[in-house]
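# Structural overview
Given next are the chains, with one letter for each unit.
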There are 2 protein chains.
Amino acid sequence: MRILIVILISLSSCAAIAQDHPSLILTAEGVKSVQANMGQVPLFDQTVATVRTQVDAEIAAGIDVPVPKDLAGGYTHERHKQNFFMMQKAGVLFQITGEEKYAIYIREMLLEYADLYPTLGKHPAERSYARGKMFWQCLNDANWLVYTSQAYDCIYDWLDAKTVKKLNTELFRPYAEYISVENPQFFNRIHNHSTWGNAGVGMIGLVMGDAELVNWALYGLDQQVPGDIVKDNDGGAIQLKGQKEAGFLAQLDHAFSSDGYYTEGPYYQRYAMYPFLIFAQGLANKKPELGILDYRNGLLIKAVDALINQTNAAGEFFPINDAQKGMSLGSRELVNAVSMAYFYGGNAPQLLSIIENQGRVPLNDSGLAAAKAIAKGEARPYQYKSMELTDGAKGDEGAIGILRSKDLTLMMKYAKHGMGHGHFDRLGFLLYNGADEVIQDYGSARWVNIEHKDGGGYLKENTSWAKQSIAHNTLVIDKDSHFDGKVNKAEESSGTPYFFSSSDNIQVVSAKELNAYEGIQMQRTMALVKIDEVENPLVIDLFSVQAPEGTRYDLPLYYMGELMSSNQEFQMRNDLSPMGKESGYQHLWLEGQTAIKGKSFRMTWFNQKNFYTVTSAVREGDEALLTRIGANDPNFNLRRDAGLIVRRTDGNTLFANLYETHGRYSYADEIPVNSFTSVSELSILHESADYVVLSFELKNGSSYLFAISQNDAAESHKHKLQIGSEKLEWTGPVYFSKRTND
Amino acid sequence: MRILIVILISLSSCAAIAQDHPSLILTAEGVKSVQANMGQVPLFDQTVATVRTQVDAEIAAGIDVPVPKDLAGGYTHERHKQNFFMMQKAGVLFQITGEEKYAIYIREMLLEYADLYPTLGKHPAERSYARGKMFWQCLNDANWLVYTSQAYDCIYDWLDAKTVKKLNTELFRPYAEYISVENPQFFNRIHNHSTWGNAGVGMIGLVMGDAELVNWALYGLDQQVPGDIVKDNDGGAIQLKGQKEAGFLAQLDHAFSSDGYYTEGPYYQRYAMYPFLIFAQGLANKKPELGILDYRNGLLIKAVDALINQTNAAGEFFPINDAQKGMSLGSRELVNAVSMAYFYGGNAPQLLSIIENQGRVPLNDSGLAAAKAIAKGEARPYQYKSMELTDGAKGDEGAIGILRSKDLTLMMKYAKHGMGHGHFDRLGFLLYNGADEVIQDYGSARWVNIEHKDGGGYLKENTSWAKQSIAHNTLVIDKDSHFDGKVNKAEESSGTPYFFSSSDNIQVVSAKELNAYEGIQMQRTMALVKIDEVENPLVIDLFSVQAPEGTRYDLPLYYMGELMSSNQEFQMRNDLSPMGKESGYQHLWLEGQTAIKGKSFRMTWFNQKNFYTVTSAVREGDEALLTRIGANDPNFNLRRDAGLIVRRTDGNTLFANLYETHGRYSYADEIPVNSFTSVSELSILHESADYVVLSFELKNGSSYLFAISQNDAAESHKHKLQIGSEKLEWTGPVYFSKRTND
């Protein structure tokens, strides 16, 4: 049973906040500066022109405030969404152009909302753990408030007192109460949903001078969530273990690591950044004493940088955890975020090149500053660097490691699970060549907001396929996902960073996973090495496992593109069956397989414009399987992508792979260059729990040796190993060198 | 047994051609003009700089003229290919910069060739019907000569007489003889192979002043092909039925229709255009009395225009017949062709925008002229128009119809078979939205020049899949390809154009196929119609058949992208089997199927950024099948693309479809717009051999009527039909109108 708590509203507390408008994202001073610069700053002027066209078209089409009915993708949902985007834009246009038609448009629309809102019960769709009134979930109601409060702020002083009073008391205060005190299971979490809720309530509080709302927003509600609401629709826990605080400041404390990494991953970080930053902007203007932008050493600005670094060359976010591929730095949230980071974070000229690519700026002080600097030619290319981004509020709960060298970007994940949106992907990786996926992370099984696809929400294949370990480039043991596919278990521990280093010629990330499978220790080490003989850095991949004899291993590799050739002969199937019944295997067709012959497995594929080859050190009894996603997919919710699985039954063991990016080919000139790998062999010279030593040979006869100490990462410690007749000595965790001929 | 014919070489005939150099692609006068303009014409200067970088790098790397050994994609093949490209470029650089290092590079390389060539027998690879010496097939030997003769022309006057004599007698004359009189089955055909042979032999003849070679090139050999060589490697006939002539002029007479369409399709036309144009340029300079550029009303220039019109918005050629997708106006052949068309074809400013997109120009008079005009800002957008391009030397053997409206491009094929490279695709179509494929033509199963893939040649799946009717968007009867999959039978007849018209609001192409299946008449009518209620033109597709009762029809649709939803419930398979044993069905997996319920079939898919919906008028007993390419494909030679097949068993029948392009969605903003079709119903109001009448209704209530007279296309004839209680009267073959409410 839900318990409704009656709250006494103390209107007298309003007086505590200074009452001048606009002051959320625009200030009176900022508006003057914008007006003085109009017509002189191309990127700003273009954005104004674009926004004006959009809003004018909406004004011409007329206002529509329908009774809520549909899910995401449906008419009423998309209409209300469009309404709040347009009101926000109209508000800004009113401020900077002074044209009253924009204020009138907002006022008329708000009055319609004020008429409609009090008549509404909960939204008719019942699938959310926190049903909204305007939309099917409070989350979208909060989105509406975050944008609409900005519009309201822009016309507040222009409105007559009677209208203000009506809107405050009949629309906004009840609206804010509904998504806070009436739905604490939504408002009082540590979760992106609550960030939106906190921001919306706080922002309208700032506009109305309602200190109580601002307090709820900043510090959360002193109120228990009804006991029967324990999970959200994605299976995420409402109440985090040991969670004591709530509200915006608690979100800031818990949602980000000190490196600015957000545990749900960049897709959701992007989504959450907007309310974080836009509310922070309002707080910076109205409650400067909070010092919100300096909070936790300027965490909010650092978080923008962390986001920028989690992208490929096209600015698309790494699609780890639940993430729709293609979301990028070009999104509306990042248009606001990057200009804010520029304006409030020290005017870094390398941010300007990203803003230039975005092609538009927010219509406020920060957007104007960025556009002006770009017009002056101050933009510099963004310098992407290799980095480890720690996870966990204190930065001690795993991390992701990002290695960059030439056009290659490699990301390995050994972070926390990522709450309800996490995937069972410990020690998984992805690899890009510029903007091209080489080894893909599947992302989520979802078409966001597209009504055809189950209303635009998560599809059931998101759980049955996309979250499972076999859907990722990581080791699967005994056909079961990490943590037996249980979010609660996965949430209890994180991956364990072991070693991270980036120099120009060799960059290494190494991490352990000790909890995904009981009694089994896994460690993955990936290195990007530059050597003279080949055109691109090579990727060394060592997956070392300590496990009982008879363990069945599957190591998948989701290569992107068309298979060119292999040194193995595959037996292709004439009839396809699903590879299993659960843990994601039920979605894989087995297209072909082979019992590997010899000590090397090699496969070359082509994608977009380049060739790629994986060379693996294998052993008698290993199998290679060629797979295709798409079995048990009644609604065509999955992409028919290819995969390669190396299968082995063993105890302690080591999987060693080398990936080479080579050559090129264009369909317009049809001249292949360097279409074959330069690597002739990959050999394991030593494997034990403590050490791995690997060598690889090139076709020109050169040979290289790579060694890692797996349990002692001290920089100063010396290691000695006897490798056949050779004595190998080195200092520090990793050794890499060209071998000289004896 | 092959019969070798001994030819008496008459050196005295040399005197007939004026001896001045350069004169193939450059003239002394042209060179002066280029030199005078250097540094002032950006696109030209950039091209010079790029070419210089390439050639300088090759000079620095040193000359390598290896003994021929490999197939396409292998080292010796690619090295010799690189050599001739570089010599040609070095020759041009020598002429326009005067720097001797370029001439020396060519001389040294040619002397190595002169040493090597006399030692060579036939190339060791035995798979060609006309084995070359430098390469595995004479075709590539001819490529070498076409490019190398240009280089030789550029340094001819700079060489000493002794070197010239050595090269003429020890390298070039024997080389030319080998690919002509020693391989008449290669040289004396009407085929793109012979075009290269004719051009190479003719061009080196022009350079050396060897009139005999020029005569062979222009008029062919008076020599019989050995009787045991009747087909080439692609199954094409060496001797066309009734072929009396050979040589370059005969190619011009037979290879193109009077509209400039080339029966093998644009992919091969692009390939053949280079020798056609480059030899023509030499002939225009050295034998102006031939008037080669005016031949057949300026056919060569017209052919360039026909090529440009067979592309999508990215300049990529329609991949009909054997064609690797992605080949485009950016290819080296078109870089030469479009500038030539500009220079010799009346300086059409709309060609300049294409040259601008190419980003480089040929380094000769025509390239200079184009680059200068572009620098002056004379470029205008190319105006793509709807057009019918007839096939056959006389233009009376079928055609392709191209309809363009807004961003849509529709192409229907009812031409000749296309010789050895033809596909069994009568009445097939493809549809683009800008550069995006909406309904694809598969193209060829081949990775051109990529050694991994069977040496870069045609793969066996090209015959077993790509050429078969089921691989195309056209009707397949009783699971057998058109003409029973036999090239000879297909070559005997062409499709029959019925009606073509393009006005702004309704464009129609209609054609018949009377020979593909014995005793069966097929007619397809496709229309692009613009109506006020929807954002894009609609495509109406009527496939009408007259056939015996009990005929089994399969009508495939190779939609590109991700299936969104359907109004039918498909039963998805849990085990996949190939759909048949032959005619291409062995390569299709059946993923799901349904016995269609109701009178309308509807399916929506999403591709790149837009939504697409097909609405079909169906009947009781029809089935819909969802297919996936890739069965029986042991080497992963086929793409795993999706298809939809509507299956029906009937006698005379009509398939009616409507395709709508609607809405948009971007992954960076996640706001779907107009993701559902506006079409609510499609109904057949009348079907008979003579008439089809169709109506479709929109969700807003509007209704439209389309009618066609299928056997009387006279513009002035009147038609009357009783449709229920309505009397329908119209004039001319087609009627289209909005229906008014009674």
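Rules and cut-offs
Residues numbered from 1 in each chain as written. Chains lettered and ligands numbered in written order. Predicted model: local features only at pLDDT ≥ 70, side-chain atom pairs only at ≥ 80, totals over all residues. Heavy atoms only, no water. Helix = DSSP H or I, 4+ residues; strand = E, 2+ residues; numbered from the N terminus. Buried < 20%, exposed > 50% of the residue type's maximum accessible area, 1.4 Å probe, protein only. Polar contact = N/O pair within 3.5 Å; in protein donor to acceptor, adjacent residues only side chain to side chain. Contact = heavy atoms within 4.5 Å. Axes fitted to C-alpha atoms, helices over the stretch in contact; angles between N-to-C directions. Parallel < 35°, antiparallel > 145°, perpendicular 65-115°, else oblique. Nonpolar A, V, L, I, M, F, W, Y, C, P; charged D, E, K, R; others polar. Pairing = 2+ DSSP bridges. Salt bridge = Lys/Arg side-chain N within 4 Å of Asp/Glu carboxyl O. Left-handed = near helix turned anticlockwise from the far one by under 90°. Domains from an automatic or database assignment. Buried area = accessible area lost by both parts, 1.4 Å probe. pLDDT = per-residue confidence, 0-100. 1 Å grid on protein atoms, 1.4 Å probe; cavity = no way out; pocket = protein on both sides within 12 Å on 5 of 7 lines; lining within 4 Å. Points joined across faces, edges and corners; volume = space filled by probe spheres on them. Expected span 1.5 Å × (residues − 1). Least-squares fit on C-alpha atoms with pLDDT ≥ 70 in both. Phe/Tyr/Trp six-rings, centres within 6.5 Å; stacked < 30°, edge-to-face > 60°.

Below, the discussion takes up the side chain of Ser583 of chain B. All names here are of chain B. With respect to the helices and strands, Ser583 occurs in the loop between β13 (571-572) and β14 (588-595). The class for Ser583 is buried, based on a relative accessible area of 15%. A distance of 3.4 Å separates a polar atom in the side chain of Ser583 from the backbone oxygen of Lys479. Not counting residues within four places of it along the chain, the set of residues in contact with Ser583 comprises Ser464, Gln468, Ile470, Lys479, Asp480 and Ser481.

Here we come to the packing of helix α14 (residues 349-358) of chain B against helix α15 (residues 365-375) of chain B. The packing of two helices is summarised by the inter-axis angle and the distance between the axes. All names here are of chain B. In the contact formed by α14 and α15, the axes pass within 10 Å of each other and the chain directions differ by 100°. By the criterion of interaxial angle, the relationship of α14 to α15 is roughly perpendicular. Each of Leu352, Ile355 and Glu356 in α14 lies in contact with α15, whose residues at this interface are Ala370, Ala373 and Ile374. Looking at the contact of α14 with α15 residue by residue, the class counts come to five nonpolar, no polar and one charged.

Residues and elements named next belong to chain B. Read across the sheet, five strands follow the order β1-β2-β3-β4-β5 without closing on themselves; strand pairing throughout is antiparallel. One side of each edge strand has no neighbouring strand; the edge strands of this open sheet are β1 (387-390) and β5 (436-439). For this sheet, the mean angle separating the axes of adjacent strands, direction not counted, is 20°. With seven bridges connecting them, strand β2 (residues 399-405) and strand β3 (residues 408-414) associate as antiparallel partners. Among the inter-strand pairings, Leu403 is bridged to a residue of β3, identified as Leu410.

Under the counting rule described, the total for this entry stands at 69 salt bridges over all chains. Between Lys287 of chain B and Glu289 of chain B there is a salt bridge whose closest N-O contact spans 3.9 Å. Residue Lys287 of chain B is classed as buried on the basis of its relative accessible area of 18%. Salt bridges here are not isolated pairs; linked through shared partners, they connect Arg173, Glu177, Asp210 and Glu212 of chain A.

Residues and elements named next belong to chain A. Following both chains from N to C, one finds helix α11 (residues 266-286) and helix α12 (residues 295-309) inclined at 150°, their axes separated by 11 Å at the closest point. Here α11 is positioned roughly antiparallel relative to α12, judged by the angle of their axes. Here the hand of the crossing between α11 and α12 comes out left-handed. Where α11 abuts α12, its residues Pro266, Gln269, Arg270, Met273, Phe276, Leu277 and Ala280 lie against Leu300, Ala303, Val304 and Leu307.

Next up on the list: the domain arrangement of chain A. All names here are of chain A. Split into domains, chain A comes out as domain 1 (1-221), domain 2 (256-384) and domain 3 (387-738). One C-alpha centre belongs to domain 1, the other to domain 3; they are set 46 Å apart. Listed by partner, the interface residues are nine residues for domain 1 and seven residues for domain 3. Here domain 1 packs against domain 3, burying approximately 610 Å² in sum over the two surfaces, 41% of which is carbon and sulfur. Inspection of the domain 1/domain 3 interface yields one salt bridge.

This part covers the confidence of the model for chain A. Residues and elements named next belong to chain A. When pLDDT is averaged along chain A, the result is 94; 97% of the residues meet or exceed 70. Predicted confidence is poor over residues 1-15, with pLDDT under 50, and the contacts of this stretch with residues over four places away or in other chains come to 26 contacts. Predicted as a complex, the structure gets a pTM of 0.93 and an ipTM equal to 0.92.

A few words now on empty space enclosed by the protein. Residue and element names in this part refer to chain A. Going through the model one piece at a time under the given rule, you end up with nine cavities of 30 Å³ or more. In this structure, the largest cavity spans a volume of roughly 120 Å³. Surrounding the largest cavity, 16 residues form its lining, Leu555, Ser616, Val646, Asn657 and Tyr659 being those nearest its centre. Elements with a minimum of two residues in the lining of the largest cavity: β11 (551-557), β16 (610-617), β18 (642-650) and β19 (653-662). A per-element tally of the lining of the largest cavity places β19 first, with four residues.

With 56 residues of chain B in contact, the opposing surface of chain A contributes 56 residues. Overall, the association of chain B and chain A removes approximately 4700 Å² of surface from exposure, summing both partners, and the carbon and sulfur fraction of that is 57%. When the buried area of chain B at its contact with chain A is split by residue, His452, Phe636 and Glu670 of chain B rank highest and sum to 17% of it. Inspection of the region where chain B meets chain A yields two salt bridges. Put simply, chain B and chain A have 21 residue pairs in polar contact (both at pLDDT 80 or more) between them. Among the secondary structure elements, those contributing two or more residues to the side of chain B that touches chain A are α3 (75-97), α11 (266-286), β12 (562-566), β14, β15 (600-607) and β17 (623-629) of chain B. The greatest single-element share of the side of chain B that touches chain A, amounting to four residues, is contributed by β12 of chain B. Here the side of chain B that touches chain A is composed, by residue class, of 25 nonpolar, 14 polar and 17 charged.

A separate point is α3 of chain B. All names here are of chain B. The end-to-end C-alpha distance of α3, which contains 23 residues, comes to 31 Å, matching closely the 33 Å that a straight helix rising 1.5 Å per residue would cover. Counting buried positions over the 23 residues of α3 gives 19, a clear majority of the element. Just downstream of α3, Gly98 is the residue with a positive phi angle, here 75°.

The next thing to look at is the relation of the copies chain B and chain A. For the match of chain B to chain A, the screw axis carries a shift of 0.0 Å, the RMSD comes to 0.0 Å, and the turn is 180°. Accordingly, the operation relating the two chain copies is best matched by a two-fold axis. Proximity to the rotation axis, assessed at the C-alpha, singles out Leu576 of chain B in chain B; its C-alpha lies 2.4 Å from the axis. Interface overlap between copies is the fraction of interface residues in one copy that are interface residues in the other; for chain B against chain A it reaches 100%, indicating a shared surface.

Let us look at the packing of aromatic side chains. For the structure shown, the criterion picks out 82 aromatic pairs over all chains. With a centroid separation of 5.1 Å and an interplanar angle of 25°, the aromatic rings of Phe84 of chain A and Tyr147 of chain A are classed as stacked. Linking Phe84 of chain A in helix α3 (residues 75-97) with Tyr147 of chain A in helix α5 (residues 138-155), this pair joins segments that are 63 residues apart in sequence. Here the two residues Phe84 of chain A and Tyr147 of chain A agree in accessibility, since each one is buried. Both rings, one in Tyr117 of chain B and one in Tyr175 of chain B, keep their centres 4.8 Å apart while their planes meet at 25°; by these two values the pair is stacked. Placement of the pair is Tyr117 of chain B in the loop between α4 (100-116) and α5 (138-155) and Tyr175 of chain B in helix α6 (residues 161-179), with a sequence separation of 58 residues.

Moving on, we get to the sheet that holds strand β12 (residues 562-566) of chain A. All names here are of chain A. Sheet architecture is open: eight strands sit in the order β7-β8-β9-β10-β19-β16-β15-β12, paired in antiparallel fashion. Of all the strands in the sheet, the pair left with one neighbour each is β7 (496-502) and β12. Within this sheet the neighbouring strands show an average axis-to-axis angle of 15°, counted without direction. Note that strand β10 (residues 538-546) and β19 share seven bridges and pair antiparallel. Following the sheet pairing, Ile540 is matched in β19 by Leu658.

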